[in-house]
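Summary of the model geometry
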Amino acid sequence: MTQLIVLLLIVNLGIAYQCYRNATYKGYPVKVFTGLGLVPYFNLVVWVYLLFLPSLKPFSMDEKQPL
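None of the values given here were measured: they were computed from a predicted structure. (Residues numbered from 1 in each chain as written. Predicted model: local features only at pLDDT ≥ 70, side-chain atom pairs only at ≥ 80, totals over all residues. Heavy atoms only, no water.)

On to the packing of aromatic side chains, then. For the structure on display, the rule yields 2 aromatic pairs. Both rings, one in Y28 and one in F33, keep their centres 5.9 Å apart while their planes meet at 70°; by these two values the pair is edge-to-face. The two residues Y28 and F33 agree in class, both being buried. (Phe/Tyr/Trp six-rings, centres within 6.5 Å; stacked < 30°, edge-to-face > 60°. Buried < 20%, exposed > 50% of the residue type's maximum accessible area, 1.4 Å probe, protein only.)

This is the structure:
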């Protein structure tokens, strides 16, 4: 039973870290999305939400703008 709890805790922290990385990369509030990513059973929703949100950072002249 202890191993299951440790595994779930590791997975939860891994998803929270992915929320942190996606929020940082896309320019969204890091504290909000990381905090929401730490909430069990809600973190997968936040993670998928961040995956489909567009980036808030402006495009540079070297990058092509998506259609």
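This is not the end of the story, as more comes after the structure.
The next thing to look at is the nonpolar core. One recurring pattern in soluble globular proteins: nonpolar side chains tend to sit buried together. Counting residues in each nonpolar core, the largest one holds 8 residues, listed as I15, C19, A23, Y28, F33, V46, L50 and L53. Taken together, the elements giving at least two residues each to this core come down to α1 (2-26) and α3 (43-52). Sorting elements by how many residues they give to this core places α1 first, with 3 residues. Ignoring sequence-local partners within four residues, the contact set of Y28 consists of A23, F33, L50, L53, P54 and L56. (Core = buried A, V, L, I, M, F, W, Y, C linked by side-chain atoms within 4.5 Å. Helix = DSSP H or I, 4+ residues; strand = E, 2+ residues; numbered from the N terminus. Contact = heavy atoms within 4.5 Å.)

With that settled, consider helix α2 (residues 30-37). Looking at α2, one finds that the buried residues are F33, T34 and G37. Looking straight down α2, one finds that the buried residues subtend no more than 100° of arc, so they occupy a single side. For α2, the secondary structure elements touched by its buried residues are α1 and α3. (Arc of directions from axis to C-beta.)

Moving on to the packing of α1 against α3. The axes of two packed helices give the description: the angle between them and the distance between them. Two elements in contact, α1 and α3, have axes whose closest approach is 9 Å; the angle formed by their N-to-C orientations is 25°. As summarised for this structure, α1 and α3 are arranged roughly parallel, according to the angle between their axes. Judged by the sense of rotation from one axis to the other, the crossing of α1 with α3 is left-handed. Two secondary-structure elements touch here, α1 through N12, I15, Q18, C19, N22, A23 and K26 and α3 through N43, L44, V46, W47, L50, L51 and F52. (Axes fitted to C-alpha atoms, helices over the stretch in contact; angles between N-to-C directions. Parallel < 35°, antiparallel > 145°, perpendicular 65-115°, else oblique. Left-handed = near helix turned anticlockwise from the far one by under 90°.)

With that out of the way, let us pick up unusual backbone geometry. The phi dihedral of Y41 falls on the positive side, at around 65°, and the residue is not glycine. Here Y41 is to be found in the loop between α2 and α3. Residue Y41 is classed as exposed on the basis of its relative accessible area of 83%.

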